[in-house]
Amino acid sequence: MGKSLDKSSNKFQYFSMFLCWFAYVSAYFGRYSYSANIAMFEKNYGGVSHTHAEAGLVMTFFAAAYGIGQLFHGVFCKYYPRRYVVSIALLVAAISDILVFVGVPFAVIKYLWLLNAVCQAVLWPMLLQIISENVGTKLMKSAILVMSTTTSFGTFCIYGMSAAFAKTNYLLTFLVGSFVLITAAIVWFIFYKPGAYIRINFKEHKESRQTKRTSVVGTFIITVVLLIFCSIVTNFNKDGLQTWVPVILKNINKNLSDGFSILLSLVLPLFGIFGATVAVFINKKIKPVVLLVMFFMVFTGVFNFLVIMFQKNMWVVVFCFGILELCLHGVANAVVSIFPLAMRDKMSPGALAGILNGSGYLGSALSSWGLGKIADVTGGWNAVFSTLLGTVVAILIFGGLYIVASTRNKELMV
């Protein structure tokens, strides 16, 4: 292991972390620019009123294409030219933002976001693959911590900017977002450099790596299947809340302005940053990933129940949403960051991240349209909260059975 660290300085490793962090944070300016403004799209875009289900269909298209794309890119990303692929993905997202800003018909937006998703789907598996190649063992925990903040920080930035533009022209979010994306694409293209960690260590660890791959197939397959279901349920809850919370808050308080509802929704990514960070630190005490996931899921269930009990009190709901997002980001970080990078000597982190994160976007696809449809049919959000709680309870049951089984097979607990 030491040889790899001699070949690559700490400065290079930290800079690689920053580049990957900046690229993925920037991607959120072309991903959640729509969902951050979904309440205003329902009322204002093109002068047409849209239903919850119709408005949510845009993010359903994105999530479905993103999830399927990650499964594909996860397998093949290690063969892609890193410098060009990441830059192109960011530029496509920028173009999508610009087209919305200039006023394409509402019916076209879901197809733009579908194309956007196909390109952005390469980013997470590719960036984790790059981290695994550019960062040595000593700094890997730092890399996991840095990358764990990307989703929350990116979401916080795009929702914050949307709140700032809500009173003037919410479409300015898309214009400014496109500038951020173009800047990130240029920075990546100029400064990206490949690392050599995996190549240097491949010969040194060839036999042990082959043995560990066999162990993955035999021992870890059940763990991976369980984590796939955890990822689906986590994204169903996390992205469902992130998409619909401005609308939910306006439903609780009819006099709430669009800007203030978006501003309150910043509680979610803000707490999400803490959740992703907390997961890294708790992982020092609770090392098995499944136990770490179940730890967060228990609190997710508790606060989901509190939302149902106090759904008419906006401030209690906002606080509960924040804790829910903390727990859900903790789960997501454990599943799609901590676990894949911990397994990098057993299998490609990009492939594993693509499978786990890609599967999770099935939950995202179901949540955007499905939760909106439930709200349309039932005329409120109580059934939505009950649905979210039911999915968490299901995971706790399956996780409990897994933990019981692991008492007989200690190798299951990784």
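Keep in mind it's a predicted model, so treat the numbers as computed, not measured.

Draft legend 1. Inspection of a positive patch on the surface at higher detail. There is a patch of like positive charges on the surface, built from Lys141, Lys284, Lys285 and Lys287. For Lys284, the location among the structural elements is in the loop between helix H14 (267-282) and helix H15 (289-309).

Draft legend 2. Spatial organisation of the packing of helix H9 (residues 150-165) against H14. The N-to-C vectors of H9 and H14 enclose an angle of 160°; their axes lie 8 Å apart at closest approach. Taken together, the axes of H9 and H14 lie roughly antiparallel to each other. Pair H9 / H14 crosses with left-handed handedness. The residues of H14 that touch H9, namely those facing Ser152, Phe153, Thr155 and Phe156, are Pro269, Leu270, Gly272 and Ile273. Class assignment of the residues belonging to the contact of H9 with H14 gives a composition of 5 nonpolar, 3 polar and no charged.

Draft legend 3. The arrangement of the pattern of salt bridges in detail. Applying the stated criterion to the full structure yields 2 salt bridges. Its salt-bridge partner being Arg82, residue Glu133 comes within 2.5 Å of it at the nearest N-O pair. Residue Glu133 is found in helix H7 (residues 123-134), and its partner Arg82 is found in helix H5 (residues 82-102); the two are separated by 51 residues along the sequence. Residue class for Glu133 comes out buried when judged on its relative accessible area of 12%. In this structure, Asp239 and Lys238 form a salt bridge, with 3.1 Å as the shortest nitrogen-oxygen distance.

Draft legend 4. Molecular detail of the packing of aromatic side chains. All told, the structure shown has 25 aromatic pairs when counted by the stated rule. Ring geometry for Tyr28 and Tyr32: centres 5.3 Å apart, planes at 65°, overall edge-to-face. For Tyr28, a relative accessible area of 1% puts it in the buried group. Among the residues examined, Tyr32 registers a relative accessible area of 5% and is labelled buried.

Draft legend 5. Representation of H14. Over its 16 residues, H14 runs 22 Å from end to end, which matches the ideal 22 Å to within 8%, given 1.5 Å per residue. Within H14, the full set of buried residues consists of Val267, Leu268, Pro269, Gly272, Ile273, Gly275, Ala276, Ala279, Val280 and Ile282.

Draft legend 6. Molecular detail of helix H16 (residues 314-342). Between the first and last C-alpha of H16 there are 40 Å, a value that for 29 residues agrees with the 42 Å anticipated at 1.5 Å per step. Of all the 29 residues making up H16, 25 are buried; the element is thus mostly covered by neighbouring parts of the structure. At the N-terminal end of H16, a side-chain oxygen is found 3.2 Å from the backbone nitrogen of Trp315, two or three residues along, and the residue is Asn313.

Draft legend 7. Structural detail: the packing of H14 against H16. At a minimum axis distance of 7 Å, the contact between H14 and H16 shows a crossing angle of 45°. Here H14 is positioned oblique relative to H16, judged by the angle of their axes. The interaxial crossing formed by H14 with H16 has right-handed handedness. Contacts between H14 and H16 pair Val267, Leu268, Pro269, Phe271, Gly272, Phe274, Gly275, Ala276, Ala279 and Val280 from the former with Val318, Phe321, Gly322, Ile323, Glu325, Leu326, His329, Gly330, Asn333 and Ile338 from the latter. Here the contact of H14 with H16 is built from residues that sort into 13 nonpolar, 6 polar and 1 charged.

Conventions adopted
Residues numbered from 1 in each chain as written. Predicted model: local features only at pLDDT ≥ 70, side-chain atom pairs only at ≥ 80, totals over all residues. Heavy atoms only, no water. Patch = residues over 30% accessible without salt bridge, like charges linked within 9 Å, V, L, I, M, F, W, Y side chains within 5 Å. Areas by Shrake-Rupley, 256 points an atom, 1.4 Å probe, with all protein chains shown as cover. Salt bridge = Lys/Arg side-chain N within 4 Å of Asp/Glu carboxyl O. Lys, Arg positive; Asp, Glu negative; His and termini not counted. Charge placed at Lys NZ, Arg CZ, Asp CG, Glu CD. Helix = DSSP H or I, 4+ residues; strand = E, 2+ residues; numbered from the N terminus. Axes fitted to C-alpha atoms, helices over the stretch in contact; angles between N-to-C directions. Parallel < 35°, antiparallel > 145°, perpendicular 65-115°, else oblique. Left-handed = near helix turned anticlockwise from the far one by under 90°. Contact = heavy atoms within 4.5 Å. Nonpolar A, V, L, I, M, F, W, Y, C, P; charged D, E, K, R; others polar. Buried < 20%, exposed > 50% of the residue type's maximum accessible area, 1.4 Å probe, protein only. Phe/Tyr/Trp six-rings, centres within 6.5 Å; stacked < 30°, edge-to-face > 60°. Expected span 1.5 Å × (residues − 1). Polar contact = N/O pair within 3.5 Å; in protein donor to acceptor, adjacent residues only side chain to side chain.

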